[in-house]
Amino acid sequence: MTDEELAEKVEAALAEDPKVEGALIDVVADGGEVLLRGTVGTFRQKREAQKVAERVEGVTAVDNIIDVRLLTEHRRAEAELRADVLRALSLDGTVPGSVDASVDDGTVLLSGTVDHEHQREEAVRIAGEVRGVVDVRNDIFLNPPLTED
């Protein structure tokens, strides 16, 4: 399959997915590696676009540099956004209270420690679902496993 054919397959998959506004995303393929660029209205759309591209046969890697540009009515004060992220994290029984969040211009930085990788992944997923988040950075450390002596 040529790079052009792969890019067309990814574009078609994006266009078919109702969770992604594929018309605003440009796709470039190079030897199985796909670059996604463009603009979407929510962090969820950015994340879903990557998942869609990763599922396309022939794709070996995805570089997602899509920008999230919130509409004016979705922009939120940093303190309010942080409070909502922390609330969402606390409502999920998977994410321990040791996870904290800070916000800078819509980007959430998650920090703290967890015992399992799935807790890190869940924290990122939850933070990304909060209205007004444009990106999530994961700086959560994984505690080393306990060893028996």
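Look up a bit, the structure's there.
Figured I'd write up the structure that's included with this text. (Residues numbered from 1 in each chain as written. Predicted model: local features only at pLDDT ≥ 70, side-chain atom pairs only at ≥ 80, totals over all residues. Heavy atoms only, no water.)

Looking at chain direction, strand β1 (residues 25–30) and strand β2 (residues 33–40) are connected through six bridges and run antiparallel. Each bridged residue has a counterpart across the sheet, and for V28 the counterpart in β2 is L35. Summarising the sheet, β2 and strand β3 (residues 61–64) pair through four bridges and their orientation is parallel. Across the sheet, the residue bridging to L35 is D63, located in β3. Read from β2 through helix α2 (residues 43–55) to β3, the crossover connection turns out right-handed. Strand direction decides the pairing type here: β2 and strand β4 (residues 67–68), joined by two bridges, are parallel. Directly across from T39, in β4, lies its bridge partner D67. (Pairing = 2+ DSSP bridges. Helix = DSSP H or I, 4+ residues; strand = E, 2+ residues; numbered from the N terminus. Right-handed = clockwise from strand over helix to strand, strands pointing away.)

Where like charges cluster on the molecular surface, the negative patch consists of D3, E4, E5, E8, E11, D30, E33 and D63. Here the negative patch gets five residues from one element, more than from any other, and that element is helix α1 (residues 3–16). Mapped onto the fold, D3 is located in helix α1. The class for D3 is partly exposed, based on a relative accessible area of 33%. (Patch = residues over 30% accessible without salt bridge, like charges linked within 9 Å, V, L, I, M, F, W, Y side chains within 5 Å. Areas by Shrake-Rupley, 256 points an atom, 1.4 Å probe, with all protein chains shown as cover. Salt bridge = Lys/Arg side-chain N within 4 Å of Asp/Glu carboxyl O. Lys, Arg positive; Asp, Glu negative; His and termini not counted. Charge placed at Lys NZ, Arg CZ, Asp CG, Glu CD. Buried < 20%, exposed > 50% of the residue type's maximum accessible area, 1.4 Å probe, protein only.)

Moving on to the sheet that holds strand β6 (residues 107–114). With mixed pairing, the three strands of this open sheet are ordered in space as β5-β6-β7. The sheet is open, and its two borders are formed by β5 (100–104) and β7 (135–142), each paired with just one other strand. Sheet twist, expressed as the average angle between the axes of neighbouring strands with direction ignored, equals 15°. Note that β6 and β7 share eight bridges and pair parallel. Bridge pairing in β7 places S111 opposite D139. The sheet contacts of helix α3 (residues 78–91) involve β5 and β6, and relative to β5 the element is tilted by about 155°. (Axes fitted to C-alpha atoms, helices over the stretch in contact; angles between N-to-C directions. Contact = heavy atoms within 4.5 Å.)

Once that is clear, we can look at the nonpolar core. Within the largest apolar cluster, 21 residues are counted, with the highest numbers of intra-cluster contacts made by V10, L14, I25, V27, V34 and L36. Of all the secondary structure elements, the ones that give two or more residues to this core are α1, β1, β2 and α2. When residues in this core are grouped by element, the largest group, four residues, is from α1. Residues within four places of V10 in sequence aside, it is in contact with V27, V34, L36, A53, V56 and V59. Membership of the second largest hydrophobic core comes to 18 residues, among which are V99, V114, A123 and V130. (Core = buried A, V, L, I, M, F, W, Y, C linked by side-chain atoms within 4.5 Å.)

Take the environment of R55 next. Mapped onto the secondary structure, R55 falls in helix α2. Measuring from C-alpha to C-alpha, the distance between R55 and V10 comes to 8.9 Å, with 45 residues separating the pair along the chain.

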